[in-house]
Amino acid sequence: MRFRTQLKDSRTFSKLTASLSTLGKVCWMRLEYDVIRFTIIPDQGTQVWASIPVGTIFDETTYSLESNSDAINIEVNISVLNRALRSAWGSSHTQLRLTKKDKLPLLALTVLASEWTDGNMALATDETPGETTGDRGPRERQTWITQEVPIKILHESAVEGLHEPHCPDPEVHIILPNLGQLKSISDRFTKLASTSVKGNQSGIVVPEAPSDNTSTFGANTTGSTNSSPKLELSANMHGSLRLAIATDELRISSFWSDLVNPPLDPAQMTQEQIEQLPSERNRMRQAREGDESGWAKVRIDGKDWSRVLSIGRMSPKVVACFVNDIALVLYVYLPGSWNGEESCLTYYINSFTT
Amino acid sequence: MTSLALSLDPPALIRLHDVLICLSKFSETVAIEAEPTLLRLSALNSTKTGFASFAFEKNAFFEAYSFQTSSAGHSGSIAQDRFFCQIYAKALLSIFRGRIDRNKDTAVERCDMELHEDPQQAECRLTVKMICGLGVIKSYKLTYEPAAIQHAVFDKSKATSMWAADPRFLKNLIEHFSSSAEQLDMYSDSGKAVFTSFTTKVTEGKGTEFPSPRQKLSYANAGIEILKHPVHTSVATDKLDFQEYLVEDNMHVAINLKDFKAIVGHAETVNATVTARFTRPCKPLQLEYLVEGVQAEFTIMTRGQADDDVPSSRATIPRETPAPITISARPSETQASAPNTMPPPPPRSRSIRPLNGSSAQENLTQKTSADRPLASGLSMEFDSLFVPADDDRQWDEMNEEEPQDILGWDASGTQDAFGASIRDAEPSLGANERTEEDDEMGLPPTQRLSQVRQYGLFD
């Protein structure tokens, strides 16, 4: 089992790990010949399945992988990896490899950091007499940094049972507006709702409505088990998105229009199949009935949503798929595709029942 | 009667604040020592492995400085022209916090401090006056505690290794280390100076926060402890990046990373070249810098493989055992007044006891080592700065002539257990009570146990 590569873009890798680490600590990282997969399945909240082509973060010419099962599965604390990657910022030469030390597997990150230094003549003080070790003039300072991140190797059989969740076909799919804007508004809403709740010493009133929804992944958490504010996110197939929050005291919403409902890839399905999809039927229905029809709505946890949106730092394109009252699935495409293959992160967000 | 009065201008006030922040990272209390020509603030950490000291020169740092002491009542003591006390670091810090940078009309223009020590008066107060704009004067009275003060002694002339470096360069090095790293190992390897972080214990925490139930199921029998192991960071730099670097190759010297961070953090604020001097592992290391009338010295204990790999070094390298030096402002009074005034810090008030018998330190040691299961790698534990690693004198007959103030708690020679016990003995109030008990226990029993049974206590 061997893995060794140079990092092509340590900043992208670092941003990616930073975004992932908001969702959970333990990350299942699957190294394959063409793609690197990152999966985080936290106890509660959103799970993410990311598939990043090797060339996006690693240098393909130096990428080498040897494994009996054609893949290496490791478990790593993603925030620790992220912290270690910070040493690689601005470095021209960074290597990542799988190694062992005292029988413990490690991901070893070796960084050569060079920076121009003015020399330290000006700082020389007379309190330290003695011969100097060398030239003090301006020169390039080179520092080797090694970060050894402890990992766990997972046997192929240990990950066999892990699959991406299955979802019903979405009613609405839409490209989200600028994530920075969306995040700041969402955070504002969440904060308003939490302070108004705090002031009243009462939780958000969740009407006891029977839930007839069943989710295909995870348990649908009911609103009453979690007191943090729930955002209502809804969209239709006519380019409209609405973000709203409602408590006893306040009711606010933001509305976006003229967003894009992307067409589905005809290479994957026949035209007839596409026409049978709920989202496409919605699209046609709205063409007849106008903008105010065919909304799909989900209720999501404000704080969890904020963590999901931290992926915005990578300025991706995000397609949100709404399965009414059940789930929200985000397909996050990182900018720049590599060999026609795109980096895609899939977020599965459960809808809370009302 | 002792009196101390000093004035600080705003820039000096900022620097004093920075110094206090640095000291507060070592200990909760700051020791103040006044001498006619300088004022020293120092802090000794609770494990007695790190000692930080800042000496402010009378003329270079202060706007005004006067220290007077009348020698009446003191006879021939070295403490005559000095004054010692200690003060709660947070109390001092809170006075200076946020007082300086404001561009307000009422910004601080001068800070006056005064202290009058009169043996006749029980009150111990340090008066701080902030003279602000628009005639505003803010006065604070802080309680201080008379205290004997310990200094870690370091003989620079006997140091065999040293390096000097720009604080920003050191800061850059430190930034690569994770916040959970505990120790910093430094060594030289063929032209490279290498700094490596390590952590002796695996991060403690609830195992439940890590895997989800789903992961627990699928990853079944594999423990998750591995992921809690600390990141091992190593930074190798060219020796040329140091202003000076004279260190024996492959000699590993390890210090507490937190101490190092605190020191470099402060050195960076004053932009002073940091000089390190040391001899070998398990001997103290001193970091030092001098800036505008302030001399900063940090003596910290190092760890590593002491003598195993260099057996001959004991004979060749001059050994500088830091002798415990305890200085007391009022040698006679501290002893006499101890029970009814402030409790003197426990370790130093204890006198040497014979090695057998139920001495105070043995009681303490037993108690704490039971509380605290000691790690197996004890040989790697820091020795205290004040416990001579191999002091032959400990086997000598007890010298009755020795002043009572000398440190006695290394007499048992069990340094390892000691590192742990001293830590717990630190809270001064409780320990003071214990001291009194110990004194009683020092007396031989006068009554048989059988005689007291009738009182019901021992039935």
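Residues numbered from 1 in each chain as written. Chains lettered and ligands numbered in written order. Predicted model: local features only at pLDDT ≥ 70, side-chain atom pairs only at ≥ 80, totals over all residues.

A. Region of interest: the overall build of chain B. Secondary structure assignment for chain B yields 13 helices and 20 strands. Each of the 459 residues in chain B was classed as buried or not, and the buried ones make up 39%. Taking all contacts inside chain B whose residues are at least 6 apart in sequence as the whole, residues at least 24 apart take part in 73%. (Helix = DSSP H or I, 4+ residues; strand = E, 2+ residues; numbered from the N terminus. Buried ≥ 20, exposed ≤ 12 C-beta atoms within 10 Å, placed from the backbone. Contact = placed C-beta atoms within 7 Å.)

B. Here's a closer look at the overall build of chain A. A tally of helices and strands in chain A yields eight helices and 17 strands. For chain A, the residues scored as buried account for 38% of the 354 residues in total. Counting contacts in chain A only where the partners sit at least 6 residues apart, residues at least 24 apart contribute 71% of the total.

C. Structural context of the pairing of strand 2 (residues 26–31) of chain A. Residue and element names in this part refer to chain A. For strand 2, a buried count of five out of six residues is recorded, marking the element as mostly surrounded by other parts of the structure. Here strand 2 runs beside strand 6 (residues 72–77); their pairing, made up of six bridges, is antiparallel. The partner of R30 across the bridge, within strand 6, is N73. Pairing of strand 2 with strand 3 (residues 35–40), which is carried by four bridges, proceeds in the antiparallel orientation. Residue pairing for strand 3: W28 is matched across the bridge by T39. The turn linking strand 2 back onto strand 3 is made up of three residues. (Pairing = 2+ DSSP bridges.)

D. Quick peek at the packing of helix 4 (residues 167–174) of chain B against helix 6 (residues 257–270) of chain B. Residue and element names in this part refer to chain B. Relative to each other, helix 4 and helix 6 sit at 140°, their axes nearing to 9 Å. In terms of their interaxial angle, helix 4 and helix 6 are classed as oblique. Note on packing geometry: the crossing formed by helix 4 with helix 6 is left-handed. Contacts between helix 4 and helix 6 involve P167, R168, L170, K171 and I174 from the former and K261, V264, A267 and E268 from the latter. Across the contact of helix 4 with helix 6, the residue classes break down as five nonpolar, no polar and four charged. (Axes fitted to C-alpha atoms, helices over the stretch in contact; angles between N-to-C directions. Parallel < 35°, antiparallel > 145°, perpendicular 65-115°, else oblique. Left-handed = near helix turned anticlockwise from the far one by under 90°. Nonpolar A, V, L, I, M, F, W, Y, C, P; charged D, E, K, R; others polar.)

E. Quick look at the packing of helix 1 (residues 10–21) of chain A against helix 3 (residues 78–85) of chain A. Residues and elements named next belong to chain A. Between helix 1 and helix 3, whose axes approach to 9 Å, the crossing angle comes to 150°. The angle between helix 1 and helix 3 places the two elements in the roughly antiparallel class. Our pair here, helix 1 against helix 3, has a crossing hand that is left-handed. Contact residues: S10, F13, S14, T17, A18, L20 and S21 in helix 1; I78, S79, L81, N82 and L85 in helix 3.

F. Highlighting helix 3 (residues 89–96) of chain B. Among all positions of helix 3 of chain B, only A89(B), L92(B) and F96(B) are buried. On an axial view of helix 3 of chain B, the arc spanned by its buried residues comes to 70°, and they lie on one face. (Arc of directions from axis to C-beta.)

G. Looking closely at the environment of T37(B). The topology assignment puts T37(B) in the loop between strand 2 (29–34) and strand 3 (38–44). The spatial distance from the C-alpha of T37(B) to the C-alpha of K58(B) is 5.1 Å, given a sequence separation of 21 residues.

H. Structural detail: helix 3 of chain A. Where burial is concerned, most of helix 3 of chain A is hidden: seven out of the eight residues are buried. The complete set of buried residues in helix 3 of chain A reads I78(A), V80(A), L81(A), N82(A), R83(A), A84(A) and L85(A).

I. Quick peek at the nonpolar core. Among the nonpolar cores identified, the biggest contains 165 residues, and V149(A), L328(A), L23(B), V30(B) and V274(B) are the most heavily contacted of them. Sequence-distant contacts of V274(B), that is, excluding residues within four places in its chain, are made with A164(B), A165(B), P167(B), L170(B), V264(B), A267(B), L287(B) and Y289(B). (Core = buried A, V, L, I, M, F, W, Y, C linked by C-beta atoms within 7 Å.)

J. View of unusual backbone geometry. All names here are of chain B. Despite not being glycine, C282 shows a phi value in the positive range, around 70°. Along the polypeptide, C282 turns up in the loop between strand 17 (274–278) and strand 18 (284–291). At E292, a residue that is not glycine, the phi angle is positive and equals roughly 35°. The class of E292 is partly exposed, set by 13 C-beta atoms lying within 10 Å.

K. Spatial organisation of the sheet that holds strand 11 (residues 230–235) of chain A. All names here are of chain A. In spatial order, the strands read 13-12-11-14; together these four strands make up an open sheet with antiparallel pairing. Only two strands of the sheet have a single neighbouring strand rather than two, namely strand 13 (251–256) and strand 14 (296–301). The mean inter-strand angle of the sheet, taken between neighbouring strand axes irrespective of direction, is 20°. Where strand 12 (residues 241–246) and strand 13 come together, six bridges link them in antiparallel fashion. Residue pairing across strands places A246 opposite R251, the latter belonging to strand 13.

L. Molecular detail of the pairing of strand 13 (residues 192–198) of chain B. Residue and element names in this part refer to chain B. Where strand 12 (residues 183–189) and strand 13 come together, seven bridges link them in antiparallel fashion. Within strand 13, the position partnered with D189 by the bridge is K192. Examined bridge by bridge, strand 13 and strand 14 (residues 232–238) share five bridges and lie antiparallel to one another. Within the sheet, the bridge partner assigned to T196 lies in strand 14 and is S234.

M. Molecular detail of the confidence of the model for chain B. Residue and element names in this part refer to chain B. Mean pLDDT over chain B works out to 69, with 57% of the residues at or above the 70 mark. pLDDT under 50 marks residues 203–223. Its contacts with residues more than four places away, or in other chains, come to 29 contacts. Every residue in residues 308–380 scores below 50 in pLDDT, and together they form 123 contacts with partners more than four places removed in sequence or on other chains. Taken over the whole predicted complex, pTM reads 0.70, whereas the ipTM for its chain interfaces reads 0.75. (pLDDT = per-residue confidence, 0-100.)

N. Structural view of the environment of D105(B). Residues and elements named next belong to chain B. Looking at the element boundaries, D105 is found in the loop between helix 3 and strand 7 (108–117). Residues D105 and G133, spaced 28 residues apart in sequence, show a C-alpha to C-alpha distance of 5.5 Å. In this view, D105 contacts G133 and L134; residues no more than four positions away in its chain are not counted.

O. Structural view of the environment of L4(B). Residue and element names in this part refer to chain B. Counting through the fold element by element, L4 comes out in strand 1 (residues 2–8). Its 21 C-beta neighbours within 10 Å are what place L4 among the buried residues. For the pair formed by L4 and A34, sequence separation is 30 residues and the distance between their alpha carbons is 7.6 Å. Excluding its chain neighbours within four sequence positions, the residues that come into contact with L4 are A34, F67, F83 and L115.

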